[in-house]
Amino acid sequence: MKNLQFKVAMAALISFAATLSCRAQLTPSGIFTLMEESTSGKHMDTLPQTGPAIVDINSILHIKIDLAALEDEMFRFQGISGSDARLEKLKMFNTLLQNQNMILKLINEKFSGSATPTIEDYKELASQSEFIMGGLEDNLDDELWDELTSPAMEQQFSTFDGPYIVFVINFLAEKAQLLRESLTEQLNVNGEADSSLLIFFRLGAFIKNKSGGRPVHVENFDDIATDSYSEISSFSAPLSDAEKKELNNTRLLNDSIQSNTGQATFSFKQLIKSRINNLFPSDTSRVKLKTVYRSKMMELNQSNATKPAARILVDNELNLGRVDQFYTLATETYQQFAGNFPKELLNGDSLDQTFDRFSRLVNNSLNQLKGDVSLYEQSGSRLSSGEPPPGAPDLDIVVNAYDSYASSINQDISGIKSLFSDIRSILDPFRKAYLANEDFSDQVLRFTAGSIPPIGLIELKYIGERKAGDEILIKAVLERGKKEGNRNFEQKVLLRRYVTMSRIAVHVKMSGSVILANPYNRASNPAITLQNKFQFSPTYGIFLKWGSRKSKFYNDFVAFGAGLSFSSPDFNLDGTPEFGSGIIITGFRDLLSAGWGWNFGLDTPYTFIGFNIPFSIGGIQSASPEGFLED
Amino acid sequence: MVIPKSFPVHFPTLTRVNNLDGAATAVEDLKTYISQYLPLIILGHFPAAQDLLTNANQLCTQPGALPTQRVLWLTDVDILSAVKPQLDAAIKSGFPTKVYNYENIRALSIEPASGKAVYLIFVDPTLSPDPTDKRKALSTFQMQRAFNAAISLIPDTSV
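Treat the numbers as computed from the prediction; the structure is a model and nothing was measured.

S.K.: Break down the overall build of chain B for me, citing the residues and quoting the values.
M.R.: Across its full length, chain B holds 4 helices and 5 strands. Ordering the α and β elements of chain B from the N terminus gives β-α-β-α-β-α-β-β-α. Counting only residues that meet the buried cut, chain B has 54% of its 159 residues in that class. Counted over contacts in chain B with a minimum sequence separation of 6, partners at least 24 positions apart contribute 63%. Here chain B displays about 6900 Å² of accessible surface, and carbon together with sulfur accounts for 60% of that area.

S.K.: Now, about the confidence of the model for chain A: what can you tell me, with residues and values included?
M.R.: Residues and elements named next belong to chain A. Mean pLDDT over chain A works out to 79, with 74% of the residues at or above the 70 mark. Taken together, the stretch residues 12-22 has pLDDT below 50 and engages in 0 contacts with residues farther than four places along the chain or on a different chain. Under a pLDDT of 50 for its full length, residues 616-631 has, in the predicted model, 37 contacts with residues more than four places off or in other chains.

S.K.: Can you lay out the pattern of salt bridges for me, pointing to particular residues and giving the numbers?
M.R.: A pair can form between side chains of opposite charge whenever their charged atoms are brought close. Going through the model one piece at a time under the given rule, you end up with 29 salt bridges over all chains. Arginine 145 of chain B is the partner of glutamate 130 of chain A in a salt bridge, and the nearest nitrogen-oxygen pair spans 2.6 Å. Placement of the pair is glutamate 130 of chain A in helix α5 (residues 119-139) and arginine 145 of chain B in helix α4 (residues 140-152), with the two residues belonging to separate chains. Linking aspartate 21 of chain B and lysine 5 of chain B is a salt bridge whose minimum nitrogen-to-oxygen distance equals 2.5 Å. With aspartate 21 of chain B in the loop between β1 (17-18) and α1 (26-36) and lysine 5 of chain B in the segment before β1, the pair connects residues that are 16 residues apart, well separated along the chain. We classify lysine 5 of chain B as partly exposed; its relative accessible area is 25%.

S.K.: Can you explain the packing of α5 of chain A against α4 of chain B? Please cite residues and give values.
M.R.: Contact pair α5 of chain A / α4 of chain B: the axes reach a minimum separation of 9 Å and the direction vectors enclose 140 degrees. When the axes of α5 of chain A and α4 of chain B are compared, the pair comes out oblique. When you trace α5 of chain A past α4 of chain B, the crossing you get is left-handed. Residues Tyr122, Lys123, Ala126, Ser129, Glu130, Met133, Gly134, Leu136 and Glu137 of chain A of α5 of chain A touch α4 of chain B, and the partners they reach there are Phe141, Gln142, Gln144, Arg145, Asn148, Ile151 and Ser152 of chain B.

S.K.: Residues and numbers for the interface of chain A and chain B, please.
M.R.: Counting residues at the interface gives 29 residues for chain A and 29 residues for chain B. Summed over both partners, the interface of chain A with chain B comes to about 2500 Å²; 55% of that surface belongs to carbon and sulfur atoms. Together, Ile119, Tyr122 and Glu137 of chain A form the three largest contributors to the area buried by chain A at its contact with chain B, with a combined 25%. Between the two partners, chain A and chain B, sit 4 salt bridges. A salt bridge links lysine 136 of chain B to glutamate 137 of chain A; its shortest N-O distance comes to 2.7 Å. The tally of links between chain A and chain B comes to 16 residue pairs in polar contact (both at pLDDT 80 or more). For the side of chain A that touches chain B, the elements supplying multiple residues, two or more each, are α5, α6 (142-148), α7 (151-158) and α8 (164-183) of chain A.

S.K.: Explain the sheet that holds strand β1 (residues 32-37) of chain A to me, and be specific about the residues and the numbers.
M.R.: Residues and elements named next belong to chain A. Across the sheet, which stays open at both edges, the 4 strands sit in the order β2-β1-β4-β9 with antiparallel pairing between neighbours. Only two strands of the sheet have a single partner each, and these edge strands are β2 (44-46) and β9 (455-459). Across the sheet, the mean angle from the axis of one strand to that of its neighbour is 20 degrees, orientation sign disregarded.

S.K.: Could you give an account of unusual backbone geometry, naming the residues involved and the relevant values?
M.R.: All names here are of chain A. The backbone phi angle of alanine 559 is positive, close to 40 degrees, even though this residue is not glycine. Here alanine 559 lies in the loop between α16 (552-558) and β14 (561-567). Of the residues examined, alanine 559 reaches a relative accessible area of 8% and is grouped as buried. You will see that leucine 573, though not glycine, has its phi angle at about 55 degrees, which is positive.

S.K.: Let's hear about the packing of helix α4 (residues 100-110) of chain A against α5 of chain A: which residues, and what values?
M.R.: Residues and elements named next belong to chain A. In the contact formed by α4 and α5, the axes pass within 10 Å of each other and the chain directions differ by 155 degrees. Judged by the angle between their axes, α4 and α5 are roughly antiparallel. Between α4 and α5 lies a crossing whose hand is left-handed. Contacts between α4 and α5 involve Met102, Ile103, Leu106, Ile107 and Lys110 from the former and Asp121, Glu124, Leu125, Gln128, Ser129 and Ile132 from the latter.

S.K.: I'd like a description of the nonpolar core, backed by residues and values.
M.R.: Residues Phe201, Ile458, Ile472 and Ile474 of chain A together with Ile42 and Leu53 of chain B are the most contacted members of the largest nonpolar core, which totals 100 residues. Apart from residues no more than four positions distant in its own chain, isoleucine 458 of chain A is found in contact with Ser59, Ile60, Leu61, Ile63, Ala205, Val216, His217, Val218, Ile463, Ile472 and Ile474 of chain A. Among the nonpolar cores identified, the runner-up in size contains 27 residues, and Leu300, Ala310, Leu369 and Ile413 of chain A belong to it.

Thresholds applied
- Residues numbered from 1 in each chain as written.
- Chains lettered and ligands numbered in written order.
- Predicted model: local features only at pLDDT ≥ 70, side-chain atom pairs only at ≥ 80, totals over all residues.
- Heavy atoms only, no water.
- Helix = DSSP H or I, 4+ residues; strand = E, 2+ residues; numbered from the N terminus.
- Buried < 20%, exposed > 50% of the residue type's maximum accessible area, 1.4 Å probe, protein only.
- Contact = heavy atoms within 4.5 Å.
- Areas by Shrake-Rupley, 256 points an atom, 1.4 Å probe, with all protein chains shown as cover.
- pLDDT = per-residue confidence, 0-100.
- Salt bridge = Lys/Arg side-chain N within 4 Å of Asp/Glu carboxyl O.
- Axes fitted to C-alpha atoms, helices over the stretch in contact; angles between N-to-C directions.
- Parallel < 35°, antiparallel > 145°, perpendicular 65-115°, else oblique.
- Left-handed = near helix turned anticlockwise from the far one by under 90°.
- Buried area = accessible area lost by both parts, 1.4 Å probe.
- Polar contact = N/O pair within 3.5 Å; in protein donor to acceptor, adjacent residues only side chain to side chain.
- Pairing = 2+ DSSP bridges.
- Core = buried A, V, L, I, M, F, W, Y, C linked by side-chain atoms within 4.5 Å.

Here it is in structure tokens:
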């Protein structure tokens, strides 16, 4: 039974962990289809709608849009009922027109100029045409059908310069546009559509990694300039000088940004840590105040004469308690902000507001206490002796301690706010970049229904610097109006899909490591004078590696490789290494390797296992895995 | 082996709209015609013939049209009678279960390799018991579909 409970608990834990690791992704089926085309064009596959989407780092991403479904979504977002006959008809027209570009492309490429079409091309054109024409004959209403086949249209075609299918496409596209105009008619003001109510479609993409993110160009959908061409080589041979220089400049820039961000984060956390450990300087005065407060309250409470003075402290104790509670809350908030730096700091001014409220609470409590004490002391002037009332000096001591506490708190808060303000101004460029991380700039175009391109392309080789493991976020939204500040503005996210870039295509990698070589048939070779079973030896491997489009785990952790190894064992222990060569298999990101080799110096075979971890054995320093872990 | 043959045209400007030489050789000529072209055969006179035949000619010359696409317009009563058994057999071969009245057939396209009718256009489509025929009256739209149907069925080895 206990075992069962344990299993259930573990399952719950794993499922919780899985939930935590899932990022918000929105992939409505039907509207968008993501496809990957390899650089050579040989591989073309659809990415899964859900779950990990992994593509080769040099590939081309196709974002195919079902315009019929998208326009339907757009008009519904505008407020048109799904049962509106015009919307149904528009959806049908858009569905029939979905292959129009393919037909036009086919005609232009295969049937124009000096092209020599094959019988397959004719059949393809006939088949694609039939999709539209058959659909029209089956679905067009009588009025439009009669118009399409009317003598007037027959007359028009006789003077039309082009294939009949293009004539039909034009007819259908024109009718679809009329329907769109009819559907947006309700938005018209003085004959023109109110742009604050129009629905726009936008599609954009961002590259994201641990240093942040930036927008990348999606062909047909934005004016963002393409970045420099950068193909991740399939052979990790030395780069040309020009490439090295270019890469080095980019790397320096990137490193500088990363190091600034990293340093700022580190410094800030250090600062917060020291502050928390010593929070606040006012904390000392708070402890002192509480001690003074309690001792004076007890002291004054012991005598009937001073009990009225004690009463003031009792009445105000609740306020002190509240301050104390809020103090804890403020401390926790402070820690939380420090933990989420810089995100929380960049996101808003709530930290300032928290501390402002704290400051007001402390000041109000102090003023309340001061008022009560003042009233009590004034009551003394009514006494015949003119002496201050009993306990008044003690109350003054408490007020002074409270005053000192409030002053130090206000000083602390002012200091903290000033610090945050400084950090904010330093981080302003990062703040903008952070906020722009997923927000479309005006370079991302706005499309109304009828003008949306059916496909967007992201050529990964043209998005600039990227590394295996970086992600592309593809985002598509509908927006009501152009300006976010407008009261009618509304945004609906249709697609948020992360695509991870990996080194899928076979590539060559070179790596040095330390192996433990075992000349297993030493009995038949007297030249081998090894006493131990294994001998440490440096080796250099050249191997082929490949990635997986299905498993991120494989790419991140397993990542097998296979190739040749070259090592220099010294099996006869004469101090002069022999030359050995063989086959090698690596795994777990090349941290482990194994293989078989031949010692050409002693004509003997050996097996080996290798470790690519940073340690020194017998004066041989294994290469640091860090460099190898970085593709 | 069918010997290639030239066929007369109805109008000098419509180079892809042919006729047969006469009733005497109609059956043989039709066989030749089908073997050397991808034909749409139109039977009898019909309204707005000049416009529709102009368009039919255009369907055979437009980009994407197979070089062998032709329109055979048969109007002579004797020729129509002569080729009726041949065309009826082609229809029966292409649509073995279809209920139709031959007199109601205005046009048909034929796939040359098999000789089977692959698309039917009616004089009055409402008379056809098949509800899917209701819009299959003679028009440029239906002539294009008739050609599409024939092209789709051409064996890959043909040119």
